[in-house]
Amino acid sequence: MEYVIWIPFLPLIAATITLIFGKWYIRKQAHWLPCIAVFGSFLLSFKALLDVIGGARANFDLYSWVIADTFHAAVGFQIDPLSVLMLAMVSFLSFLIHVYSIGYMEDDPGYYRFFAYISLFTFSMLMLVSANNFLQLFFGWEAVGLCSYLLIGFWYQKKSAADAAKKAFIVNRFGDFGFALGVFLVFLTFGSIYYEDVFARVHEIAHTTVNVLGVEVLLATLIAVLLFCGAMGKSAQFPLHVWLPDAMEGPTPVSALIHAATMVTAGVFMVCRCHEIFELSHVAMAIVAAAGMITCFMAATIAPTQFDIKRVIAYSTLSQLGYMFMACGVGAFAAGMFHLFTHAFFKALLFLGAGSVMHAMHHAPDPTDMRYMGGLRKYMPITFATFLIASLSISGIPGLAGFFSKDEILWLSFVSEYPWGKLVWFVGTVVAGLTAFYSFRVVFMTFFGEFRGKEVLHGHEPHESPSVMTIPLMILAVGAVVTGWLGVPHVLGGHNHFAKFLEPVLGHPHINLPYWLYGKKEWIELFLMAISVGVGVLGIAVAYVVYVKKPELQRLIPERYPALYRYLYNKWYWDEIYDATIVKPTFFTARSIVQGVVDSILIEGVVNGLPDLIRRGGESLRRLQNGVVQTYALIMATGAAVVLLLVYFF
Amino acid sequence: MIPVSWFVVLTLFLFSIGALGFIVRRNVIIMLICIEIMLNAVNISLVAFGRALEHTVAHVLVFFVIAVAAAEAAIGLALVVLLFKKTREVHMDEFRLLKG
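Residues numbered from 1 in each chain as written. Chains lettered and ligands numbered in written order. Predicted model: local features only at pLDDT ≥ 70, side-chain atom pairs only at ≥ 80, totals over all residues. Heavy atoms only, no water.

**What to know about a positive patch on the surface**
Point 1. Residues Arg622(A), Arg623(A), Arg96(B) and Lys99(B) make up a contiguous surface patch of positive charge.
Point 2. Take Arg622(A): its relative accessible area is 42%, and that puts it in the partly exposed class. (Patch = residues over 30% accessible without salt bridge, like charges linked within 9 Å, V, L, I, M, F, W, Y side chains within 5 Å. Areas by Shrake-Rupley, 256 points an atom, 1.4 Å probe, with all protein chains shown as cover. Salt bridge = Lys/Arg side-chain N within 4 Å of Asp/Glu carboxyl O. Lys, Arg positive; Asp, Glu negative; His and termini not counted. Charge placed at Lys NZ, Arg CZ, Asp CG, Glu CD. Buried < 20%, exposed > 50% of the residue type's maximum accessible area, 1.4 Å probe, protein only.)

This is how it looks when you write it as structure tokens:
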């Protein structure tokens, strides 16, 4: 299966050529090469997927990177169900979004730059998922972070975009620091950074403890928590979630590809990849579940108060990522991956739909503000239909992709062997209702009612996007429906192919039911399904009443509970809290101690003091040079005499 | 045969006269002459040692010193003439342009 190396390298070649020749030679044709390259890697990924389904596996090194004593790092590929699934998904979505960008980014002065970056991102992400060792995973991890930075700050002339890019990069630094420590610890413990070596020997540390600041903790807990730090940064989980909503400053295709479908799910992928380590430690699993639950709930409460269509979807992404981590936190890794997979389709679709709406509204001063939308159903029927499908899918309406993956998570958490399983189920169900509510709030505010943006558009009519944009939407809409059918649970007459496909890598979760409920397992599963569907429908119904039938109800919460509303509207004040506890103290330390003491006293003391010393020495020595030749001769003669005397006497 | 130590004493005196004259006299021409005296003191000691040690290199070296001394005198005197033309002055302690 050596051909898999071309899956990441085709986009890399395209990115390099586009970046070098784009500005002067390729210009308006810059989309061809990346699109073809990514399509090529999609075809190869699909071939790899079929091969893996046929039983093929591969694990080989392409190039030895570092050989130092026992440390051996290589560029290597591990092709198994988990990686091949990610390869196929990433390359497919990336291709669609490349095509969509042809329409969306038209006339942008940075056209070639956009395609170069997004191709480079595709390369990085494909390297990340196909790695066979932790170092290459880390390489991909940082490279996608770099591309994310470049693309969030794509419109770098805008201060808010440049700031958002910096924020994303810096917040990720915190997580990546922990992740790097985790990789070091893996090497220290196992003497290897190859997955197969590490996971084959992972049971050896099942009872090893280490002393951390006086507390005895399991080694596995430490490794898992450090690795999870990276996942919290990359997948924007609480408390490192603050960068993702701001990342919406980037172009919308970027939000769809990087900040919804692929890069942000790298954390979930990593946790699944390392699930052997996580499963050794209940503490780590609890932390994963807790981070997931907090993020999931928090984002779902913030989303309904925002008016920026992209921000609502960004919070929805946060919330769904929390869902995936909740699944991982109860040991249902395959369910987490399943949700990752379906979510990638319907979330990419939501973002691209939002992009299409923004394309229609681009004459407005703020094309993302939903308060100026409404009634767009008539103007852009394809966008409306596809957006509706995505929203139904994310709300968990039976038959669509989101339904199957979400119910898999809820069911497996309810019967989980972990004690926090029931709590996860409860949070998940509540959030399912909130998700349906805010998703349909977007649908109703954007596509229903009267068009409210006549004044801001100055006579321009909103219009449907060109077919280069709507065709990817339609393909994704199909994906948002059918991807769920890959994992139809047994209780609904399916075979759950998805979980079975991943079982060799991820194992299967342990179901823990009281013995007296064993015979009623199917009924419980159906009952839970009914609850979550009921909650979802209720959410949609409430949204319909509030945003279509009785718009005056919208003022109810802000007027009755202004404090609560302000709290949610300001995103739980996390930005302000971080500003007060981290940003301001950092600036203060930087200005007063680093700049005030270290820089201006210590460093400048040395840097300016040394020349000062030399100058003063020179001032006093220059008196010797009085310009009279005879003085010099005298000094010379004296010197010669002294030397002679020294030679004579010693 | 005159012992070599006599020559050494002679050149010591000659060299000291030259060095002292160079240091204490202000007239540039006298200073140049003092340099010549020192050089010739060195020449005498070179020849004396060369003969005592039966070594021809010392004799050859003397010719080089004489050639350098001639060149030095030519350049030195030319400088003195130019200096005098410019400043009407031949006293070395008046020239302090290179004071630090």
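**Quick word on the side chain of Gln630(A)**
Point 1. The residue Gln630(A) is located in helix H26 (residues 629-649) in this model.
Point 2. Those residues in contact with Gln630(A) that sit more than four places away from it in its chain are Phe22(B), Ile23(B), Val24(B), Arg25(B), Arg26(B), Met31(B), Met92(B) and Asp93(B). (Helix = DSSP H or I, 4+ residues; strand = E, 2+ residues; numbered from the N terminus. Contact = heavy atoms within 4.5 Å.)

**Side note on helix H8 (residues 219-234) of chain A**
Point 1. The terminal C-alpha atoms of H8(A), which comprises 16 residues, lie 23 Å apart, in line with the 22 Å expected from a rise of 1.5 Å per residue.
Point 2. Taken from the residues just after H8(A), Ala236(A) is the one with a positive phi, measuring 55°. (Expected span 1.5 Å × (residues − 1).)

**Here we look at the packing of helix H2 (residues 32-53) of chain A against helix H3 (residues 81-104) of chain A**
Residue and element names in this part refer to chain A.
Point 1. As a packed pair, H2 and H3 sit with axes 8 Å apart at the nearest point and diverge in direction by 155°. Classified by the angle between their axes, H2 and H3 sit roughly antiparallel to one another. Considering the relative orientation of H2 and H3, their crossing is left-handed. Facing Pro34, Cys35, Val38, Phe39, Ser41, Phe42, Ser45, Ala48, Leu49 and Val52 of H2, the residues of H3 in contact are Pro81, Val84, Leu87, Ala88, Ser91, Phe92, Ser94, Phe95, His98, Val99 and Ile102.
Point 2. The residue inventory of the contact of H2 with H3, partitioned by class, reads 16 nonpolar, five polar and no charged. (Axes fitted to C-alpha atoms, helices over the stretch in contact; angles between N-to-C directions. Parallel < 35°, antiparallel > 145°, perpendicular 65-115°, else oblique. Left-handed = near helix turned anticlockwise from the far one by under 90°. Nonpolar A, V, L, I, M, F, W, Y, C, P; charged D, E, K, R; others polar.)

**Structural notes on the UniProt feature "domain: NADH:quinone oxidoreductase/Mrp antiporter transmembrane" (unreviewed entry) in chain A**
Point 1. Those places that UniProt annotates as "domain: NADH:quinone oxidoreductase/Mrp antiporter transmembrane" (unreviewed entry) correspond, in this numbering, to residues 131-430 of chain A.
Point 2. Within the segment residues 131-430 of chain A, helix and strand shares are 71% and 3% respectively, and the terminal C-alpha atoms sit 37 Å apart. (UniProt positions renumbered as here; feature names shortened; annotations may be inferred.)

**Remarks on the packing of aromatic side chains**
Residue and element names in this part refer to chain A.
Point 1. Across all of its chains, the model carries 42 aromatic pairs over all chains by this definition.
Point 2. Aromatic side chains Phe384 and Phe447 sit 5.3 Å apart centroid to centroid with 55° between the ring planes, which places their arrangement in the tilted category. Taken together, the residues Phe384 in helix H17 (residues 381-394) and Phe447 in helix H19 (residues 421-447) connect sequence positions 63 residues apart. For the residue pair Phe384 and Phe447, the accessibility class agrees, reading buried in each case.
Point 3. Between Trp574 and Tyr578 the ring centres are 5.7 Å apart and the planes differ by 35°, which places this aromatic pair in the tilted class. (Phe/Tyr/Trp six-rings, centres within 6.5 Å; stacked < 30°, edge-to-face > 60°.)

**Some thoughts on helix H22 (residues 521-549) of chain A**
Point 1. For H22(A), which comprises 29 residues, the first-to-last C-alpha distance of 40 Å matches the rise-based estimate of 42 Å (1.5 Å per residue) to within 8%.
Point 2. If you check which residues of H22(A) are buried, you get Ile524(A), Glu525(A), Leu528(A), Met529(A), Ser532(A), Val533(A), Gly536(A), Gly539(A), Ile540(A), Ala543(A), Val546(A) and Tyr547(A).

**What to know about the interface of chain B and chain A**
Often, the extent of an interface is quoted as the loss of accessible area on bringing the components together.
Point 1. At the interface, 13 residues of chain B touch 11 residues of chain A.
Point 2. The tally of links from chain B across to chain A stands at zero salt bridges.
Point 3. There are one residue pair in polar contact (both at pLDDT 80 or more) connecting chain B and chain A.
Point 4. The element contributing the most residues to the side of chain B that touches chain A is helix H1 (residues 4-24) of chain B, with three residues.
Point 5. Across the side of chain B that touches chain A, the residue classes tally to seven nonpolar, one polar and five charged. (Polar contact = N/O pair within 3.5 Å; in protein donor to acceptor, adjacent residues only side chain to side chain.)

**As for the pairing of strand S3 (residues 209-212) of chain A**
All names here are of chain A.
Point 1. Both S3 and strand S4 (residues 215-218) contribute to a ladder of four bridges, which runs antiparallel. Along S4, the bridge assignment pairs Val210 with Val217.
Point 2. Hairpin remark: S3 followed by S4, antiparallel, with two residues in the connecting loop; positive phi at Leu213, about 50°. (Pairing = 2+ DSSP bridges.)

**Things to note about the pattern of salt bridges**
Opposite charge on two side chains lets them pair, provided their charged atoms get close.
Residues and elements named next belong to chain A.
Point 1. In this structure the tally under the stated criterion is 17 salt bridges over all chains.
Point 2. A salt bridge links Asp246 to Arg311; the nearest nitrogen and oxygen atoms lie 3.4 Å apart. Residue Asp246 is found in helix H9 (residues 243-246), and its partner Arg311 is found in helix H14 (residues 309-329); the two are separated by 65 residues along the sequence.
Point 3. Residue Asp246 is classed as buried on the basis of its relative accessible area, which comes to 15%.
Point 4. For Arg311, a relative accessible area of 17% puts it in the buried group.
Point 5. In this structure, a network of salt bridges that share partners links the residues Lys167, Asp246, Arg311 and Asp575.

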